[in-house]
Amino acid sequence: MKNLSVTIRAELEVPDHWELVEHPSGMQVIRIGDHFVDFDLAPLTTTSDSPDAEWSDVDQDLVEEVLDAIAGMDSSLELAPQQ
């Protein structure tokens, strides 16, 4: 067995009315109106080796195999004014 570390960092430019809140479950999430938003790992697959291949989560068996391999995951959210 080997360990694979995946680091994903994203910056989003969001409207001022989006806010960070603590969900009753204890998670820090984004509140957009009546919705709570969190981020998760979403494996995508393709069988094409074409540069413009389409990637999707349609192969549910493979996606589940990848998700089952996750031993731990953490995400953090930070909201800062644009400069």
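Before any of the text, the structure's been laid out above.
Definitions and limits used
- Residues numbered from 1 in each chain as written.
- Predicted model: local features only at pLDDT ≥ 70, side-chain atom pairs only at ≥ 80, totals over all residues.
- Heavy atoms only, no water.
- Pairing = 2+ DSSP bridges.
- Helix = DSSP H or I, 4+ residues; strand = E, 2+ residues; numbered from the N terminus.

S.K.: Quick one: what's the story with the pairing of strand 2 (residues 28–32), residue by residue and with numbers?
M.R.: Across four bridges, the pairing between strand 1 (residues 19–22) and strand 2 is antiparallel. Note on strand 2: the bridge partner recorded for Glu22 is Gln28. Hairpin connection from strand 1 to strand 2: five residues lie between these consecutive antiparallel strands, with Gly26 at a positive phi of about 100°. Sheet topology note: the strand 2/strand 3 (residues 35–37) ladder contains three bridges and is antiparallel. When the sheet's bridge partners are listed, Arg31 is paired in strand 3 with Phe36. Hairpin remark: strand 2 followed by strand 3, antiparallel, with two residues in the connecting loop; positive phi at Gly33, about 65°.

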